[in-house]
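Next come the chains, spelled out residue by residue.
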Amino acid sequence: MQNTCTTVWNNSLQTIKANIPNQSYKTWFEPISALKLEGNVLTVQVPSLFFYEWLEEHYVGLLRKTVKQELGDDGRLEYNIVVDNKPSKSNTPYIAASSPANTNNIASKTLPAPAPISKDLRNPFVIPGLKKLNVDPQLNSNYTLDNYIEGDCNRLARSAGFAVAAKPGATSFNPLMIYGAVGLGKTHLAQAIGNEIKRTYPDKLVIFVSCEKFCQQFVESLKNNTINDFVNFYQAMDVIIMDDIHNFAGKEKTQDIFFHIFNHLHQSGKQIIITSDKAPKDLSGLEERLLSRFKWGLSADLQIPDLETRIAILRKKMASDGIDLPAEVVEYVAHNIDNNVRELEGAMVSLLAQATLNKKEIDLALAKSMLKNFIKNTSKEISMEYIQKLVCEYFEVAVDLVKSPTRKREVVQARQISMYLSKSLTKSSLKSIGAFYGGRDHSTVIYACQTVEDLIDSDKKFKGYVNDIQKKLKMS
């Protein structure tokens, strides 16, 4: 059967998916589509110049090897880069029109030249009457990149933050859009980038403003007939950080004024950072021309942090506050508060307050008692013994074999799934899980959990096994 571009690319994707983390695959490869196959040259379409640059920097070796595996030693990959939602005419990877600084594809109204900034410019963030543009950046100095803990949940966004802070307005990450659910650290990261820019470039004008505050200022400027001062103020900024951009929904006039401010800043090489609770494609109530501009740079999502990252966040907070807590207490809190970072830190503050006010020592019993106000079903815990029993029954494997040194395939499979479920469903540490399953160390548990996660992503039959067991555990 003759190869088609779709067949070759789909085969390549299967190989790529097996060699990189699932989240990286979804972010960088799912948006790519195959366009054509001419001889040994496969052409694929990528959403932006940034996508192309990231692929070439991080995955060029894997892509080259995969394409050659499908098309032979002479196989090559070329890119078609989308420019402002329109594929470029050229198929070469370097396309001048796709540069973020290019303005040929800017639709709608032509942006007028900005009026000169007057010495009496009204600054919404300083005392009225000041003759000098003295901008308070409105940043919380406690938010820094150093105390923003890195994990799989935020690695892309944090790395982009460092790049933007080093060269504001001079990277492909403009605008940088950080999105995610409530309490996952969007505002912390955005302000941390602003603080790092101010530290590195003290003379740059940086402003952090919430979308609601911006809307209020706009309404006030209309009332006071100072709209030109309002626009000129924001156009004078080197870096603008707009928090909760989704609150623009339905506010057409405010969107229009921000659209022109955005265009001016972007064309002038100024940095724009925005946060939202949703990805650009999921935002409703915003004009399409504004949404299209949000897609020019990088949209990086923040996900719920995994257990290890939650533990690291708590330990970092404890270290900054000069507090030392038992490891089992930290692990218990991190295991049970798993929906957002804000609640995680709030639970720790409440625990410390309760211990201080009641003059009690912080131990696991106190943590369990206090967390009843934060979480549900704390009293019902699944034991490792029960997980092991259920898994062994499911695979018809003797319980004592799971703890033995045997390397038989069916026993190893039952052991690894048992470890994975013990880590997911109990409060036990990696060390205690390893000890329970035959005196193994924590690194064995980590390897087992990673193996199970990889197989869940790549093997539908295996995924069915795990889902069946999880259902049985929930019914128990």
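Worth saying up front: this structure is predicted, and the values here are computed from it rather than measured. (Residues numbered from 1 in each chain as written. Predicted model: local features only at pLDDT ≥ 70, side-chain atom pairs only at ≥ 80, totals over all residues. Heavy atoms only, no water.)

### A few points about the overall build of the protein chain
Turning to step 1, where the next piece is worked out: Each helix and strand counted, the protein chain has 20 helices and nine strands in total.
Turning to step 2, where the next piece is worked out: Taken over 476 residues, the protein chain has a buried fraction of 47%.
Turning to step 3, where the next piece is worked out: Within the protein chain, counting contacts between residues at least 6 apart in sequence, those at least 24 apart form 72% of the total.
Turning to step 4, where the next piece is worked out: Taken as a whole, the protein chain presents about 24,500 Å² of accessible surface, with 49% of it coming from carbon and sulfur. (Helix = DSSP H or I, 4+ residues; strand = E, 2+ residues; numbered from the N terminus. Buried < 20%, exposed > 50% of the residue type's maximum accessible area, 1.4 Å probe, protein only. Contact = heavy atoms within 4.5 Å. Areas by Shrake-Rupley, 256 points an atom, 1.4 Å probe, with all protein chains shown as cover.)

### Focus on the confidence of the model for the protein chain
Turning to step 1, where the next piece is worked out: Summary statistics for the protein chain give a mean pLDDT of 80 and a share of 85% for residues scoring 70 or more.
Turning to step 2, where the next piece is worked out: Under a pLDDT of 50 for its full length, residues 84–122 has, in the predicted model, 70 contacts with residues more than four places off or in other chains.
Turning to step 3, where the next piece is worked out: Low confidence marks residues 126–132, where pLDDT is under 50. Its contacts with residues over four positions away, or in another chain, come to six contacts. (pLDDT = per-residue confidence, 0-100.)

### Some remarks on a negative patch on the surface
Turning to step 1, where the next piece is worked out: On the surface, Asp306, Glu453, Asp454 and Asp457 cluster together into a negatively charged patch.
Turning to step 2, where the next piece is worked out: Relative to the helices and strands, Asp306 is located in the loop between β9 (298–302) and α11 (307–321).
Turning to step 3, where the next piece is worked out: With a relative accessible area of 30%, Asp306 lands in the partly exposed category. (Patch = residues over 30% accessible without salt bridge, like charges linked within 9 Å, V, L, I, M, F, W, Y side chains within 5 Å. Salt bridge = Lys/Arg side-chain N within 4 Å of Asp/Glu carboxyl O. Lys, Arg positive; Asp, Glu negative; His and termini not counted. Charge placed at Lys NZ, Arg CZ, Asp CG, Glu CD.)

### A word on the packing of helix α1 (residues 5–17) against helix α4 (residues 60–71)
For any two helices packed against each other, the geometry comes down to the angle between their axes and how far apart the axes lie.
Turning to step 1, where the next piece is worked out: At a minimum axis distance of 9 Å, the contact between α1 and α4 shows a crossing angle of 130 degrees. Here α1 is positioned oblique relative to α4, judged by the angle of their axes. Of the two possible hands of crossing, α1 and α4 adopt the one that is right-handed. For the pair α1 and α4, the contacting residues are Val8, Trp9, Asn11, Ser12, Thr15 and Ile16 in the first and Leu62, Leu63, Thr66, Gln69, Glu70 and Leu71 in the second.
Turning to step 2, where the next piece is worked out: The residue inventory of the contact of α1 with α4, partitioned by class, reads six nonpolar, five polar and one charged. (Axes fitted to C-alpha atoms, helices over the stretch in contact; angles between N-to-C directions. Parallel < 35°, antiparallel > 145°, perpendicular 65-115°, else oblique. Left-handed = near helix turned anticlockwise from the far one by under 90°. Nonpolar A, V, L, I, M, F, W, Y, C, P; charged D, E, K, R; others polar.)

### Things to note about helix α8 (residues 227–235)
Turning to step 1, where the next piece is worked out: In terms of burial, α8 is a largely internal element, seven of the nine residues being buried.
Turning to step 2, where the next piece is worked out: Listed as buried for α8 are Asp229, Phe230, Val231, Asn232, Phe233, Tyr234 and Gln235.
Turning to step 3, where the next piece is worked out: Against the buried residues of α8 lie β6 (206–210), α7 (211–223), β7 (239–243) and α9 (252–267).

### Quick look at the side chain of Ser418
Turning to step 1, where the next piece is worked out: You can see Ser418 is positioned in helix α17 (residues 409–425).
Turning to step 2, where the next piece is worked out: The residues contacting Ser418, other than those within four sequence positions of it, are Ile387, Gln388, Val391 and Tyr437.

### Here's the deal with helix α19 (residues 442–458)
Side chains three or four residues apart in an α-helix point the same way, a direct result of the helix having 3.6 residues per turn.
Turning to step 1, where the next piece is worked out: For α19, which comprises 17 residues, the first-to-last C-alpha distance of 25 Å matches the rise-based estimate of 24 Å (1.5 Å per residue) to within 8%.
Turning to step 2, where the next piece is worked out: When α19 is considered as a whole, its buried residues turn out to be Val445, Ala448, Cys449, Thr451, Val452 and Ile456. All buried residues of α19 project into a common sector of 160 degrees when viewed along the axis, lining one side. The outward face of α19, more than 90 degrees from its buried face, is lined by the exposed residues Tyr447 and Ser458. (Expected span 1.5 Å × (residues − 1). Arc of directions from axis to C-beta.)

### Side note on the nonpolar core
Soluble, globular proteins show a tendency: their nonpolar side chains are buried together.
Turning to step 1, where the next piece is worked out: Counting residues in each nonpolar core, the largest one holds 49 residues, and the members touching the most others are Phe29 and Ile193.
Turning to step 2, where the next piece is worked out: Built from parts of two domains, this core gets at least three residues from each of domain 1 (5–81) and domain 2 (145–301).
Turning to step 3, where the next piece is worked out: Look past the residues within four positions of Ile193 in its chain and what remains in contact with it is Leu145, Gly161, Val164, Ala165, Leu176, Ile178 and Ile273.
Turning to step 4, where the next piece is worked out: Membership of the second largest hydrophobic core comes to 32 residues, among which are Met177, Tyr234, Phe259 and Leu286. (Core = buried A, V, L, I, M, F, W, Y, C linked by side-chain atoms within 4.5 Å. Domains from an automatic or database assignment.)

### Remarks on the environment of Val67
Turning to step 1, where the next piece is worked out: Tracing the sequence through the fold places Val67 in helix α4.
Turning to step 2, where the next piece is worked out: In this structure the C-alpha to C-alpha distance between Val67 and Asn40, which are 27 residues apart in sequence, comes to 9.2 Å.
Turning to step 3, where the next piece is worked out: When residues no more than four places from it in sequence are discounted, the contact partners of Val67 are Gly72, Gly75, Arg76 and Leu77.

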